[in-house]
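Residue-level structure breakdown
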Amino acid sequence: MVNQSDLVAVSELVMPLVGKQAWNVRLGIGNSLTMNFGKQLEPNEFGQLFGEWYLWLEGCEWRIDQQDQILIAGEDSREQLRVAVQELEGRTLLAVSLYSPAIDAIFEFEGHLSLRLFAVNTTELESWNLFTPEHKVLVIGPGAHWSYTRRSEEHTSELQ
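Residues numbered from 1 in each chain as written. Predicted model: local features only at pLDDT ≥ 70, side-chain atom pairs only at ≥ 80, totals over all residues. Heavy atoms only, no water.

**Let's talk about the pairing of strand E4 (residues 60-66)**
In plain terms, the rule: When DSSP finds two or more bridges between two strands, those strands count as paired. By the criteria applied, helices consist of DSSP H or I runs no shorter than four residues and strands consist of E runs no shorter than two, each listed in order from the N terminus.
By the bridge criterion, seven bridges tie E4 to strand E8 (residues 113-119) in an arrangement that is antiparallel. Of the residues in E8, the one forming a bridge with Asp65 is Ser114. Sheet topology note: the E4/strand E5 (residues 69-73) ladder contains four bridges and is antiparallel. Residue pairing across strands places Arg63 opposite Ala73, the latter belonging to E5. In this antiparallel pair of consecutive strands, E4 and E5, the connection spans two residues, and Gln67 shows a positive phi of 55°.

**Thoughts on the packing of aromatic side chains**
What counts, and what does not: Classification of ring pairs uses Phe, Tyr and Trp, with its six-membered ring standing for Trp, and accepts pairs whose centres are within 6.5 Å; under 30 degrees between planes counts as stacked, over 60 as edge-to-face, and the remaining range as tilted. Note on classification: 1.4 Å probe, protein chains only; a residue is buried when its accessible area is under 20% of the maximum for its type, exposed when over 50%, partly exposed between these limits.
Using the criterion set out here, one finds three aromatic pairs in the structure. Taken together, a centroid distance of 4.9 Å and an interplanar angle of 85° make the contact between Phe50 and Tyr54 edge-to-face. In this pair, the class of Phe50 matches that of Tyr54, namely buried. Seen in terms of ring centroids, Tyr54 and Phe131 are 5.7 Å apart; in terms of plane orientation they differ by 50°. Their pairing is tilted. Taken together, the positions of Tyr54 in strand E3 (residues 51-57) and Phe131 in strand E9 (residues 128-131) put the pair 77 residues apart, joining distant regions of the chain. Judged on exposure class, the residue Tyr54 and its partner Phe131 are both buried. Through a chain of ring-to-ring contacts, three or more aromatic side chains come together here, namely Phe50, Tyr54 and Phe131.

**Remarks on unusual backbone geometry**
Here the residue pair Ser100 and Pro101 is connected by a cis peptide bond, since its omega of 20° sits within 30 degrees of zero. Relative to the helices and strands, Pro101 resides in the loop between strand E6 (93-99) and strand E7 (104-109). Residue Pro142 is bonded to the preceding Gly141 through a cis peptide linkage, with omega at 0°. Here Pro142 is to be found in the loop between strand E10 (136-140) and strand E11 (146-150). With phi around 60°, His112 is a residue other than glycine that occupies positive phi space. Considering the arrangement of structural elements, one finds His112 in the loop between E7 and E8. Note on His112: relative accessible area 54%, which makes it exposed. The backbone of His135 shows a phi angle near 60°, a positive value even though the residue is not glycine. Along the chain, His135 turns up in the loop between E9 and E10.

Right, dumping it as structure tokens:
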């Protein structure tokens, strides 16, 4: 189980995103979702663009709410998801809140939009990854596990 000191440590790693705009918000395979924050880096060898910060939701469920209304949930149709995730494009991140017993999160954006993340696996799947300007990656999951380490070759290939 995640304790309060874990939530504080992860929160300190995520807080530099606050005040930055989300850009290149994309729906990936299944219901995976990616978005960039901060300065745009040089294109990689495949011509793909990434920001100083790169958020990748892969093994979690997510939902976008606007005030007290659900706009979309991660298992809705691909077309609905594709349209709805664009609501986050260009929006400034105002706050990030983290919750136990897993490290579930709410990313609050301008326009009263909230991106809610929920762990769905306790033993195998990482919930989400945040690649940082320090060439490190914050890995949340599986379950209540988390780490903040240098990007490995495996993680670097994910950015290609």
